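Reading the structure
Listed below, chain by chain, are the residues.
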Number of protein chains: 2
Amino acid sequence: MDLKTRIEQGLEENLARCCVAGSPPRLGEAMRYAVFPGGARIRPKLCLSVALTCGDDEPALATAAASAIEFLHCASLVHDDLPIFDDADTRRGKPATHHAYSSQLALLAGDALIVLAFEALSRAPTSECTRMARLVRIVSAAVGMPFGIVAGQAWESEDGAILADYQRAKTGSLFAAATAAGAAAAGAEASLWQTLGERLGEAYQVADDISDVMGDPDKLGKPIGQDATHGRPNAVALHGLDGATSRLKTLVSEAIDSIPPSPGQAALKRQIVEESKRFMPESVVASVA
Amino acid sequence: MDLKTRIEQGLEENLARCCVAGSPPRLGEAMRYAVFPGGARIRPKLCLSVALTCGDDEPALATAAASAIEFLHCASLVHDDLPIFDDADTRRGKPATHHAYSSQLALLAGDALIVLAFEALSRAPTSECTRMARLVRIVSAAVGMPFGIVAGQAWESEDGAILADYQRAKTGSLFAAATAAGAAAAGAEASLWQTLGERLGEAYQVADDISDVMGDPDKLGKPIGQDATHGRPNAVALHGLDGATSRLKTLVSEAIDSIPPSPGQAALKRQIVEESKRFMPESVVASVA
């Protein structure tokens, strides 16, 4: 089964348990709307790629970890798009969840997706229960306080944010959890895989900052200029386009160099270069590949 | 250590990990504000009381379960109080979290408390990891879709709600999780303790409906008449005061009768009668005690 199919099936199986007779149907629909169709599914792909490189001896657990990470990502998008934050009209090329449903159902869909992430982990069959416990710890640290996604989002409404801290929390944390969780699900040492996710997450954020300044809203499926509109830190605004591009190259190189020695090391390197092309400006891709 | 101290210490220890240097300080404060000072802490008390009745052989895990349940309860209050839902001015006798901070920080504090609940479970030391996995399942089912708190809250903005389903999801689910989790943390059969929580949860909701119609806002620490204002189902509005009071008596009796035989059975019965007095109208207390 290819990664894409495995990810979509994992998401679908978990969501199917939410949408049953006797449950509020619109909330179930809103959850589904927030998850399907997906974006590039970069985080769950990264999670499963690392699990495969580490042997993937508990595939159901690795799929649950990938699903959990994508549910949390989708939850953060739905909450961030709400009128009290970004007030975004569109996401992934369609109306944002609160426009398609309501702010109430969007908020609850986000809450329900956060819970579903942990439920997915707890339901995955595993012969080694301590792996599951480790996954709950890795995933909760990536989204909660003090340094997870919610902390990153809070820095947007609090004074004193340092750009690197903000980006590490807002984006890097879930990428780092994706690689760490992929390793942990396969019984490997999660901490060795942390740097790969951290660097890729930071790279993704810098690329997103560049897109927000120079991207094509039709291709991106979301409006541009949002950082300036909302007074958020942006790498291009701070370091100029050349500075941001140079930083992006460094980050992708560091990510690739951090991959621990393993039988699948070469294949994973190739795959990460491939995946990075999806989110990097063409000029940067040419220099890394 | 008495239950109250054990609960407050559990909450404090988990929150302390959230509020550290380098994290957004206002979000940490908002989380704390939403948790301290508490209300009656009925749910975590119930959780620990059941754990103690079942032997409480893993006290750190039981305390983590009680903390998780209270964090989820606080999160639901903070989100429900937001302007897009109840638009409540006060909670527990002080300004609602979104008034004391902002809607943004209140929403994020709720998200962070949901995550913290699962993190607390995953960090609790236990010699039997499967108990922790069971706790994550019990707790996630109580708050997520299809039948947990978020489903109950969604019924407030969706058509076709049946009062019993709505109340079971909105209130009963977390009470049922409190008793089931208390048992599971102590290695006992969780399903035997489910009915106790379900009946107490429904009783609490009916009592709350009565308070919302006839209570004293100063004593309650929150405004009354909210169900009518927000068009929510209310047991008094549906069945009259006599009907609601009679239902409340039946529920508390059924709760007490459901307690499985155990060494601490008699003591637990006494304690539940005592605790029920806190939330029941005086006329009902007189007839049950």
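A quick note: this is a predicted structure, and the numbers were derived from the prediction, not measured.

What counts as what
Residues numbered from 1 in each chain as written. Chains lettered and ligands numbered in written order. Predicted model: local features only at pLDDT ≥ 70, side-chain atom pairs only at ≥ 80, totals over all residues. Helix = DSSP H or I, 4+ residues; strand = E, 2+ residues; numbered from the N terminus. Rg over C-alpha atoms; globule rule 2.2 N^0.38 Å. Buried ≥ 20, exposed ≤ 12 C-beta atoms within 10 Å, placed from the backbone. Core = buried A, V, L, I, M, F, W, Y, C linked by C-beta atoms within 7 Å. Contact = placed C-beta atoms within 7 Å. Nonpolar A, V, L, I, M, F, W, Y, C, P; charged D, E, K, R; others polar. Least-squares fit on C-alpha atoms with pLDDT ≥ 70 in both. Axes fitted to C-alpha atoms, helices over the stretch in contact; angles between N-to-C directions. Parallel < 35°, antiparallel > 145°, perpendicular 65-115°, else oblique. pLDDT = per-residue confidence, 0-100.

1. Quick notes on the overall build of chain A
A count of helical and extended segments in chain A gives 15 helices and two strands. Against the compact-globule benchmark of 19 Å for 289 residues, chain A has a radius of gyration of 18 Å, which places it among compact chains. Dimensions of chain A, computed from C-alpha atoms along their principal axes, come out at roughly 50 × 50 × 35 Å. Looking at chain A residue by residue over its 289 residues, the buried ones come to 57%.

2. What about unusual backbone geometry?
Along the chain, Met145 of chain A connects to Pro146 of chain A via a cis peptide bond; the corresponding omega equals 5°. Looking at the element boundaries, Pro146 of chain A is found in the loop between helix H7 (129-143) and helix H8 (149-155). Geometrically, the link from Phe36 of chain B to Pro37 of chain B is a cis peptide bond, its omega value of -15° lying close to zero. Backbone geometry places Arg92 of chain A, a non-glycine residue, at a positive phi of 50°. Residues other than glycine seldom take positive phi values, yet Asp87 of chain B does so here, at roughly 50°.

3. Looking at the nonpolar core
In this structure, Ala65, Val139 and Ala181 of chain A together with Ala65, Val139 and Ala181 of chain B are the most contacted members of the largest nonpolar core, which totals 199 residues. Setting aside chain neighbours within four positions, we find Val139 of chain B in contact with Ala68, Ile69, Leu72, Ala117, Leu121, Ala177 and Ala181 of chain B.

4. Brief notes about the interface of chain A and chain B
Taken residue by residue, the interface counts 47 residues in chain A and 47 residues in chain B. Listing elements by their share of the side of chain A that touches chain B, those giving two or more residues are helix H2 (25-35), helix H6 (103-123), H7 and H8 of chain A. When residues in the side of chain A that touches chain B are grouped by element, the largest group, 14 residues, is from H6 of chain A. Here the residues of the side of chain A that touches chain B sort into 27 nonpolar, 13 polar and seven charged.

5. Concerning the relation of the copies chain A and chain B
Overlay of chain A on chain B (RMSD 0.0 Å): rotation 180°, translation along the axis 0.0 Å. Here the two chains are linked by the operation of a two-fold rotation axis. Every residue of chain A has its C-alpha some distance from the rotation axis, and the shortest such distance is that of Cys129 of chain A, at 2.9 Å. Both copies present the same face, since 100% of the interface residues in chain A are matched by interface residues at the equivalent positions in chain B.

6. A short note on the packing of helix H1 (residues 3-18) of chain B against helix H4 (residues 59-81) of chain B
Residue and element names in this part refer to chain B. Remark: H1 packs on H4, axes separated minimally by 9 Å, with the N-to-C direction vectors making an angle of 75°. When the interaxial angle is binned, H1 and H4 end up roughly perpendicular. Listed contacts from H4 to Arg6, Ile7, Gly10, Leu11 and Asn14 of H1 are Thr63, Ala64, Ala66, Ser67 and Glu70. Residue classes in the contact of H1 with H4 are distributed as four nonpolar, four polar and two charged.

7. Some points on the packing of helix H3 (residues 42-53) of chain A against helix H14 (residues 265-279) of chain A
All names here are of chain A. Two elements in contact, H3 and H14, have axes separated by 11 Å at closest approach and are oriented at 170°. The angle between the axes of H3 and H14 places the two elements in the roughly antiparallel class. Contact with H3, carried on its side by Ile42, Lys45, Ser49 and Thr53, involves Leu268, Gln271 and Glu275 of H14 and no other residues of that element. In terms of residue class, the contact of H3 with H14 is built from two nonpolar, three polar and two charged.

8. Things to note about the environment of Gln194 of chain B
The topology assignment puts Gln194 of chain B in helix H10 (residues 194-214). For Gln194 of chain B, the contacting residues outside a window of four places in its chain are Ala176, Thr179 and Ala180 of chain B.

9. Some words on the confidence of the model for chain A
Put simply, chain A has an average pLDDT of 92, and 97% of its residues get 70 or more. If you check the scores for this complex, the pTM reads 0.94 and the ipTM reads 0.93.

10. Describing the environment of Arg92 of chain B
All names here are of chain B. Within the secondary structure, Arg92 is located in the loop between strand S1 (90-91) and strand S2 (94-95). Residues Arg92 and Ala40 lie 52 residues apart in sequence; the distance between their C-alpha atoms is 9.8 Å. Beyond its immediate stretch of four places on either side in the chain, Arg92 contacts Gly39 and Gly221.

11. A look at the environment of Ser103 of chain A
For Ser103 of chain A, the location among the structural elements is in helix H6. Along the primary structure Ser103 of chain A and Arg32 of chain A are separated by 71 residues, whereas in three dimensions their C-alpha atoms are 16 Å apart. Not counting residues up to four positions away in its chain, the partners in contact with Ser103 of chain A are Leu82, Pro83 and His98 of chain A together with Ile84 of chain B.

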